Amino acid sequence: MLSYLHGFHAGNHADLIKHFCLFALIERLQKKNKPFIYIDTHSGAGLYDLSSEQSQKTGEYANGVARLMNAAVTDNALQRFKQQLEPFIAQRLYPGSCYLASTMLREQDRAQLMELHPTEIQALRQNVKSPLTHIHHRDGFEGVLALSPPDIRRGLVLIDPPYEQRREYQQVAQCVISLLKKWPQAIVAIWYPILTARAAEKRGLSEKMVNELSTTLDVASLDVRLTVDDQQTDVGMVGSGMLLFNAPWQFDKDIHSGIKTLHDILSEQGKGHFHCQWLKESD
Ligand code: SAM
């Protein structure tokens, strides 16, 4: 059952940590002229209207991207990310993962975008129109394995499911293990939620997944995490993380100060925490 719609959440704190990491990873890939490929297993609609009923109903962007736009930012990487968002925000739009990535492709680069929801795929096809990009109406876990290894071997896969069902945590783990067997040099970025007692049924599943993957796989893994409040808050999701496999050398240094700044801007009275921590370093 597909009921999740990202339009309710676009531009919230979870999108900011995810999309800032994504932006910084693509900047690293752009440092060489060699082509790269971007694969998004759970693309969403691509572009979101912050004036829409969905967005206005939750108002999550107000405590997310709206705060970033109003803040003075000195960190260079975060400042470049903010500049990338500015033309969209000026039109009350927010670019999702695949839209942001597609604006960063050069003519030699390619993207493969997957989405399963019957109306989100239509919106995605309307929103992302580029000869560099191929859009698939299919299951992202199955699709990424079918496409791997791609002809272009330098690449980044974003795995960003809604985690509405408990089984999705296990699907992510199985998919990443199979993916890195087929395509060992892939950079893999997995977004995961940090939940409070209000989400009792799924609480702890992210931490279990991160632990299982980082101990099972003999691949460099970097864990980036940002929570914006303490566990006593009355929301179900207090923050989120990005688990990165094969992150570029010293990538933690690229983003550490930007993540700290995001925490300063987004946290409620300094509550919550952030980290950029290697769980396994490369040899
Ligand atoms: N990555 C997007 C972004 O950052 O802008 C947000 C994606 S949203 C969290 C998750 C999306 O995955 C939803 O649009 C949902 O319809 C889609 N979805 C759910 N299960 C899927 C599956 N098995 N394969 C592909 N897409 C799926």
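Residues numbered from 1 in each chain as written. Predicted model: local features only at pLDDT ≥ 70, side-chain atom pairs only at ≥ 80, totals over all residues. Heavy atoms only, no water.

A. The arrangement of the site of the ligand in detail. In the vicinity of the ligand, 19 residues are found, and the nearest of them are K18, H19, E115, D139 and D160. Between the ligand and H42 there is a distance of 2.8 Å, counted from a nitrogen atom to a backbone nitrogen or oxygen. In the environment of the ligand, a nitrogen atom lies 2.5 Å from a nitrogen or oxygen atom belonging to the side chain of D139. Coverage of the ligand by the protein chains reaches 96% of its 600 Å² of free accessible surface. Here the residues of the shell around the ligand sort into four nonpolar, ten polar and five charged. (Near = heavy atom within 4 Å. Polar contact = N/O pair within 3.5 Å; in protein donor to acceptor, adjacent residues only side chain to side chain. Areas by Shrake-Rupley, 256 points an atom, 1.4 Å probe, with all protein chains shown as cover. Nonpolar A, V, L, I, M, F, W, Y, C, P; charged D, E, K, R; others polar.)

B. Just unusual backbone geometry, in detail. A cis geometry characterises the amide bond from S148 onward to P149, with omega recorded as -5 degrees. For P149, the position within the fold is in the loop between α7 (140-146) and β6 (155-159). Even without being glycine, R92 reaches a positive phi, approximately 60 degrees. By the secondary structure assignment, R92 is in the loop between α4 (76-89) and β3 (93-95). Positive phi outside glycine occurs at Q250, with the angle close to 60 degrees. Its location among the elements puts Q250 in the loop between β9 (237-245) and α10 (251-266). Among the residues examined, Q250 registers a relative accessible area of 31% and is labelled partly exposed. (Helix = DSSP H or I, 4+ residues; strand = E, 2+ residues; numbered from the N terminus. Buried < 20%, exposed > 50% of the residue type's maximum accessible area, 1.4 Å probe, protein only.)

C. Geometry of the state of the cysteines. Summed over the entire model, instances satisfying the criterion amount to zero disulfides. Counting only cysteine sulfurs, C98 is the nearest neighbor of C175, a cysteine outside any disulfide, at a range of 17 Å. Of the cysteine sulfurs around C276, a residue in no disulfide, the closest is that of C21, at 7.1 Å. (Disulfide = S-S within 2.5 Å.)

D. Main features of the pairing of strand β8 (residues 221-227). Taking burial as the measure, the seven residues of β8 include seven buried ones, the bulk of the element. The alternating pattern of β8 places S221, D223, R225 and T227 and L222, V224 and L226 on opposite faces, both of which are buried. For β8 and β9, the ladder comprises seven bridges, and the chain directions are antiparallel. Pairing of V224 across the sheet is with M242, part of β9. (Pairing = 2+ DSSP bridges.)

E. Structural view of the pattern of salt bridges. The final tally for this structure, using the stated rule, is ten salt bridges. Its salt-bridge partner being D109, residue R106 comes within 2.8 Å of it at the nearest N-O pair. Here R106 matches D109 in class, with each residue buried. With its nearest N and O atoms 3.9 Å apart, the salt bridge here joins D229 to K271. On the criterion of sequence distance, the pair formed by D229 in the loop between β8 and β9 and K271 in the loop between α10 and β10 (274-280) is long-range, its members being 42 residues apart. Judged by relative accessible area, D229 falls into the buried class, the value being 16%. Owing to a relative accessible area of 31%, K271 belongs among the partly exposed residues under this scheme. (Salt bridge = Lys/Arg side-chain N within 4 Å of Asp/Glu carboxyl O.)

F. Broad picture of the packing of helix α1 (residues 13-29) against α4. Two elements in contact, α1 and α4, have axes separated by 10 Å at closest approach and are oriented at 105 degrees. In this view, α1 runs roughly perpendicular relative to α4, as classed from their interaxial angle. Here L16, H19, F20, F23 and E27 of α1 lie close against α4, whose contacting residues are A77, L78, R80, F81, Q84 and L85. Here the contact of α1 with α4 is built from residues that sort into seven nonpolar, two polar and two charged. (Axes fitted to C-alpha atoms, helices over the stretch in contact; angles between N-to-C directions. Parallel < 35°, antiparallel > 145°, perpendicular 65-115°, else oblique. Contact = heavy atoms within 4.5 Å.)

G. Representation of the confidence of the model for the protein within the structure. Predicted confidence across the protein gives a mean pLDDT of 96, with 100% of residues reaching 70 or more. Taken element by element, the protein is modelled with least confidence in helix α2 (residues 53-58), mean pLDDT 95, and with most confidence in β6, mean pLDDT 99. (pLDDT = per-residue confidence, 0-100.)

H. Spotlight on the layout of surface pockets. In this structure, the second largest pocket spans a volume of roughly 270 Å³. Residue lining of the second largest pocket: R28, L29, K32, K34, R153, R154, G155, Q185, I187, N246, A247 and P248, and that is the complete set. (1 Å grid on protein atoms, 1.4 Å probe; cavity = no way out; pocket = protein on both sides within 12 Å on 5 of 7 lines; lining within 4 Å. Points joined across faces, edges and corners; volume = space filled by probe spheres on them.)

I. Quick peek at the nonpolar core. The biggest cluster of nonpolar side chains holds 96 residues, and the ones touching the most others in it are L68, V176, I190, L213, V224 and F245. Tallying contributions element by element places α1 first for this core, with eleven residues. Among residues more than four places away in sequence, those in contact with V224 are I17, C21, Y192, S240, G241, M242, L244, I255, I259, H275 and C276. (Core = buried A, V, L, I, M, F, W, Y, C linked by side-chain atoms within 4.5 Å.)

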